[in-house]
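# Inside the fold
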Amino acid sequence: MLTGNVGFLGAGAIAEALIRGMLNAGIVRPEQVLVSNRSDRERLAYLARRYGLRTAGSKGSVVDVCQVLVVACKPKDVGGLLAEVGGRFRQGQILLSLAAGITTRYIEERVTPGVVVIRAMPNTSCQVGESATAICGGRFATPEAMDLVTAILGSVGQVCTVPEEQMDAVTGLSGSGPAYIYLLVEAMIEAGEAVGLSPEVARALTLQTVKGAAMTLAATGADPAELREQVTSPGGTTAAGLQVLREAGFTQALVRAIARATERSRELGQAPAVPASEVGD
Ligand SMILES: NC(=O)c1ccc[n+]([C@@H]2O[C@H](COP(=O)([O-])OP(=O)(O)OC[C@H]3O[C@@H](n4cnc5c(N)ncnc54)[C@H](OP(=O)(O)O)[C@@H]3O)[C@@H](O)[C@H]2O)c1
């Protein structure tokens, strides 16, 4: 349970998912959460009504009264936001940035010295409380602040801590990862139809298969290779299917995809000419 207030600078999809997660987990009470955005007052009124939150007069007043500030705007808007309120932060406050590709150093250069900056890369599954999130701390991050942020983001999924130089790899693996799984699901549904199932049955069986396999991995903690071997009898159907995937270079294709996405994240982070908003898309 947080004792101070949590303020949101940006009140879009991810802000709402995090607010819902924190309230459901009992980490904060509604009256401890303040929301602000650029201009959409209707959106703030909706959030206040739906979750019982406080709306603020201005972004600056949110910064003034909060222990933790969550930067939840698009990466391209972070510079403008910090130019407006960066100097209003106080030493020791925690700034949690969800903006893909924006480094802790970039933020630290635009806020009051001594502000604790922590950067997070959640993924889109935070909408259903199942994000795979990685965090890294900036210069002034303390273990206590990292624990607090882990608890906040833990309300919408699982949280790992990584060194900042690994954030591009995180983006390539789990940031972009849901899309790889969606592609796998699309392919399995298409394949199910090709072998004679109705689209509805192919979809239902595929979704439950993916969910069941993920839950088995999580519940048993077993090595995926071990689980795969357990369900593969020599000469059986699974062995025959896996053989085709091996011949088609399934594993190498995924390894290359994640390497390329990681490299792309690095390129976007380093090229000021390319809008940082493309990072993590
Ligand atoms: N959605 C996800 O699943 C997900 C996953 C990983 C990372 N992220 C990261 O989370 C961030 C937000 O994504 P989103 O999907 O929630 O975006 P979104 O729904 O488009 O919301 C963006 C919010 O930022 C506000 N904003 C823009 N400029 C601002 C400024 N200068 N000051 C204050 N607020 C400002 C907007 O306000 P107005 O509406 O008034 O313009 C809006 O409330 C992005 O950086 C993205 O990289 C999102």
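Residues numbered from 1 in each chain as written. Predicted model: local features only at pLDDT ≥ 70, side-chain atom pairs only at ≥ 80, totals over all residues.

Split by domain assignment, the chain resolves into domain 1 (6-167) and domain 2 (177-266). Placing a centre on the C-alpha atoms of domain 1 and another on those of domain 2 gives a separation of 34 Å. (Domains from an automatic or database assignment.)

Along its twelve residues, helix H6 (residues 143-154) runs 16 Å from first to last C-alpha, staying within 8% of the 16 Å computed at 1.5 Å per residue. Every buried residue of H6 is listed here: Ala-145, Leu-148, Val-149, Ile-152 and Leu-153. End-on view of H6: buried residues confined to an arc of 125°, all on one side of the axis. Facing away from the buried side of H6 by over 90 degrees, the exposed positions are Pro-143, Glu-144 and Asp-147. Those residues of H6 that are buried lie in contact with helix H1 (13-25), strand S5 (94-97), strand S6 (116-121), strand S7 (131-137) and strand S8 (157-161). (Helix = DSSP H or I, 4+ residues; strand = E, 2+ residues; numbered from the N terminus. Expected span 1.5 Å × (residues − 1). Buried ≥ 20, exposed ≤ 12 C-beta atoms within 10 Å, placed from the backbone. Arc of directions from axis to C-beta. Contact = placed C-beta atoms within 7 Å.)

All right, on to the sheet that holds S5 then. Each strand in a sheet pairs with another by means of backbone hydrogen bonds, the pair being arranged parallel or else antiparallel. In spatial order, the strands read S3-S2-S1-S4-S5-S6-S7-S8; together these eight strands make up an open sheet with mixed pairing. Both outer strands of the open sheet, strand S3 (54-55) and S8, are each paired with one neighbouring strand and no more. Two elements, strand S2 (residues 33-36) and S3, share two bridges in a ladder whose sense is parallel. Residue pairing in the sheet places Leu-34 in a bridge with Arg-54 of S3. (Pairing = 2+ DSSP bridges.)

Two elements in contact, helix H7 (residues 167-175) and helix H12 (residues 250-270), have axes whose closest approach is 8 Å; the angle formed by their N-to-C orientations is 130°. Put simply, H7 runs oblique to H12. For H7 against H12, the interelement crossing comes out right-handed. The segment H7 lies against H12, with Asp-168, Ala-169, Thr-171, Gly-172 and Leu-173 engaging Ile-258, Ala-261, Thr-262, Ser-265, Arg-266 and Gly-269. Considered class by class, the residues forming the contact of H7 with H12 number four nonpolar, five polar and two charged. (Axes fitted to C-alpha atoms, helices over the stretch in contact; angles between N-to-C directions. Parallel < 35°, antiparallel > 145°, perpendicular 65-115°, else oblique. Left-handed = near helix turned anticlockwise from the far one by under 90°. Nonpolar A, V, L, I, M, F, W, Y, C, P; charged D, E, K, R; others polar.)

Attention now goes to the pairing of strand S1 (residues 6-9). Residues Val-6 and Phe-8 of S1 are buried on one face, and the alternating residues Gly-7 and Leu-9, pointing to the opposite face, are buried as well. Looking at chain direction, S1 and S2 are connected through four bridges and run parallel. Residue pairing for S2: Gly-7 is matched across the bridge by Leu-34. This β-α-β element, S1 to H1 to S2, shows right-handed connectivity. In this sheet, strand S4 (residues 68-71) lies alongside S1 in parallel orientation, the contact comprising four bridges. Bridging across to S4, Phe-8 finds its partner in Val-70. (Right-handed = clockwise from strand over helix to strand, strands pointing away.)

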